[in-house]
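A structural walkthrough
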Amino acid sequence: MAAPSHGAVVVGVGRSAEDLTVVRTAAGEAAAHGRPLHLVHAFNWAASPGPAPAGGTRVDAENLLEKAGQVAADAAPDVPVSGEIVEGSPVEALLRAADAAFLVALGDGGMASCPTCVPADAPAVELASRAGCPVLVGRTGAAPPGPLLVGYDGSPGSRATLRYAFDCAERRGARLLAVRVVETDRHDGDDGLLEEAVNRHAVRHPRVAAACQTVRGDPGEVLLDRSRSAQLALVGARGDGPVRSTLGAVSQALLYHSPAPLIVVRGVGDDAGDGP
């Protein structure tokens, strides 16, 4: 029987080996935050050939969830694991779960291994664009033991992302690298903007070894380069843009091409009370 996904890390489980890697990543995230893990396998029975739900296809789906559950238990033995099989679109199923979840996770569908791909209709892109909570996009390769990388531009969304990143770093026992990128043709009179923000959070998270960099260049390119040595990258869904249901250019660049697992931070509330 399916357990409620309220407050859980919810992970979409498909039939590829990549999806089991994402289950392992999501289990680690659940362990770090003290959350249960909820496995979701969605299947469009009507559009698929083969037996009805009560037949072999349903059995295959149950076996898949059982295997994913074992992967999760091996990765994080103390994390409670539940699962469910639902009919319909995997993206829609995860979007529904996101309304009550702490975080939703799924694989990138191979995006990061295709430097020229811009797959706007990929499930990971659609979920990261529309979910009501943070979205973890897993990768096929193992991440290096580097810092957590977070992008910062001073917008309310990036302030919330920085707060979320400090919490993740403390729970993981990881270093944090915060990067603010100023475009080359833009005059910048806020040289200390990032340092001030990092210092405020460092007081609240004294166990986090945090470093910050303010550099000039293209934000997407700079953060993508830094992500190659990160164990996890975090970015707000959108910076200063007014449309919150879409992704900004920087979050898209990292979502498509970052080799590191990525959390698109959304639905956690703006950090407006924290100053610039």
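Numbering of residues starts from 1 in each chain and follows the order in which that chain's sequence is written. With pLDDT at 70 or above as the cut-off, local features in this predicted model cover only qualifying residues; side-chain atom pairs require 80 or more to be listed or tallied, and sums for whole chains, interfaces and linings still use all residues. Hydrogens are left out, water is left out, and the side-chain values use all remaining heavy atoms of the structure.

**Points about the overall build of the chain**
Counted only if it meets this: Numbering goes from the N terminus for both helices and strands, where a helix is a DSSP run of H or I of at least four residues and a strand is a run of E of at least two. Any two residues whose heavy atoms approach within 4.5 Å are treated as being in contact. The Shrake-Rupley method, run with a 1.4 Å probe, gives the accessible areas here. Residue values count only the displayed protein chains as cover.
Check the secondary structure of the chain and you find eight helices and ten strands. Contacts in the chain between residues far apart in sequence, at least 24 positions, make up 81% of those at least 6 positions apart. Accessible surface for the chain amounts to roughly 12200 Å². Of this, 52% is attributable to carbon and sulfur atoms.

**Comments concerning the sheet that holds strand S1 (residues 9-12)**
Heads up, the rule is: Here, any two strands with at least 2 DSSP bridges between them count as paired. To obtain an axis, a line is fitted to C-alpha atoms, over the contacting stretch when the element is a helix, and the angle between two such axes runs from 0 to 180 degrees between their N-to-C directions.
Strand order in the open sheet formed by ten strands is S3-S2-S1-S4-S5-S10-S9-S6-S7-S8, with mixed pairing between adjacent strands. Among the strands making up the open sheet, the edge pair consists of strand S3 (81-87) and strand S8 (210-216). Neighbour to neighbour, the strand axes of the sheet diverge by 20° on average, direction disregarded. As paired elements, strand S2 (residues 37-43) and S3 share seven bridges and run parallel to each other.

**Thoughts on helix H8 (residues 249-257)**
The condition that has to hold: Burial status follows relative accessibility: with a 1.4 Å probe on protein chains alone, a residue under 20% of its type maximum counts as buried, one over 50% as exposed, and anything between as partly exposed.
For H8, the full list of buried residues reads Ser 251, Ala 253, Leu 254, Leu 255, Tyr 256 and His 257. Contact partners of the buried residues in H8: helix H4 (123-130), strand S5 (135-138), helix H7 (219-227), strand S9 (232-236) and strand S10 (262-265).

**Description of helix H5 (residues 156-172)**
To keep it simple, the criterion reads: Helix span, as expected, comes to 1.5 Å for every residue beyond the first.
With 17 residues, H5 extends 25 Å from end C-alpha to end C-alpha; this agrees with the ideal 24 Å at 1.5 Å per step. The set of residues buried in H5 consists of Gly 157, Ser 158, Arg 159, Ala 160, Thr 161, Leu 162, Tyr 164, Ala 165, Phe 166, Cys 168 and Ala 169.

**A word on the environment of Glu 195**
Along the chain, the position of Glu 195 falls in helix H6 (residues 193-204). When its relative accessible area of 27% is taken as the criterion, Glu 195 is described as partly exposed. Distance in space between the C-alpha atoms of Glu 195 and Gln 213 is 8.3 Å, their sequence separation being 18 residues. Sequence-distant contacts of Glu 195, defined by excluding residues within four places in its chain, comprise Cys 212 and Thr 214.

**Thoughts on the pattern of salt bridges**
Condition: Any Lys or Arg side-chain nitrogen found within 4 Å of a carboxyl oxygen on Asp or Glu counts as a salt bridge.
Scanning the model with the defined rule gives seven salt bridges in all. Close ionic contact of Arg 139 with Asp 108 constitutes a salt bridge, the shortest N to O distance being 2.8 Å. Of this pair, Arg 139 sits in the loop between S5 and strand S6 (148-151) while Asp 108 sits in the loop between strand S4 (103-107) and H4; the two residues are 31 residues apart in sequence, bridging distant segments of the chain. As far as burial versus exposure is concerned, Arg 139 and Asp 108 are alike and both buried. Two residues, Glu 170 and Arg 207, come together in a salt bridge whose shortest N-O distance is 3.1 Å. Remark: Arg 207 occurs in the loop between H6 and S8 and Glu 170 occurs in helix H5; sequence separation between them is 37 residues.

**Comments concerning the nonpolar core**
What counts, and what does not: Residue types Ala, Val, Leu, Ile, Met, Phe, Trp, Tyr and Cys, when buried and joined through side-chain atoms within 4.5 Å, form a set referred to as a nonpolar core.
Ranked by size, the top nonpolar core spans 45 residues in total, and within it Val 11, Leu 37 and Leu 234 carry the most contacts. Contact partners of Val 11, with chain neighbours within four places excluded, come to Val 22, Val 23, Ala 26, Leu 37, His 38, Leu 39, Val 40, Leu 94 and Ala 105. Formed by 41 residues, the second largest nonpolar core is a distinct cluster that contains Ala 8, Val 125, Val 137 and Leu 177.

**Let's talk about the packing of H5 against H6**
Helix-helix packing is characterised by the crossing angle of the two axes and by the distance between the axes. Note the cut-off: Orientation labels follow simple angle bins: below 35 degrees gives roughly parallel, above 145 gives roughly antiparallel, 65 to 115 gives roughly perpendicular, and whatever is left gives oblique. In this scheme, a crossing is called left-handed if the near helix is turned counterclockwise away from the far one by less than a right angle; it is called right-handed if the turn is clockwise.
Direction vectors running N to C along H5 and H6 enclose 40°, while the axes themselves pass 10 Å from each other. Viewed along their axes, H5 and H6 adopt a mutual orientation that is oblique. Of the two elements, H5 crosses H6, and the hand of that crossing is right-handed. For the pair formed by H5 and H6, the contact residues are Arg 159, Leu 162, Arg 163 and Phe 166 on the first element and Ala 197, Val 198, His 201 and Ala 202 on the second.

**Thoughts on the side chain of Ser 251**
Mapped onto the fold, Ser 251 is located in helix H8. Apart from residues lying up to four places away in sequence, Ser 251 is in contact with Val 235, Gly 236, Ala 237 and Leu 262.

**So, the pairing of S4**
A regular strand carries its side chains on alternate faces of the sheet. Most of S4 is tucked away, with five of its five residues classed as buried. Burial of S4 is two-sided: the residues Leu 103, Ala 105 and Gly 107 facing one way and the residues Val 104 and Leu 106 facing the other way are all buried. Note that S1 and S4 share three bridges and pair parallel. Within the sheet, the bridge partner assigned to Val 11 lies in S4 and is Ala 105.

**Quick notes on a negative patch on the surface**
Here is the rule: Patch definition: residues with relative accessible area over 30% and no salt bridge; like charges joined within 9 Å; nonpolar side chains (Val, Leu, Ile, Met, Phe, Trp, Tyr) joined within 5 Å. Only four residue types enter the charge count, namely Lys and Arg as positive and Asp and Glu as negative; His and the chain termini do not. Note on charges: their place is set at NZ of Lys, CZ of Arg, CG of Asp or CD of Glu.
The grouping of Glu 183, Asp 185, Asp 218 and Glu 221 at the surface amounts to a negative patch. Residue classification places Asp 185 among the exposed residues on the basis of a relative accessible area of 72%.

**Quick word on the confidence of the model for the chain**
The line we're drawing: Confidence scores here are pLDDT values: one per residue, from the predictor, ranging 0 to 100.
Residues at a pLDDT of 70 or more form 86% of the chain, whose mean pLDDT is 86. Scored below 50 in pLDDT, residues 51-56 makes four contacts in the model with residues more than four places away or belonging to other chains. Low confidence marks residues 239-244, where pLDDT is under 50. Its contacts with residues over four positions away, or in another chain, come to eight contacts.

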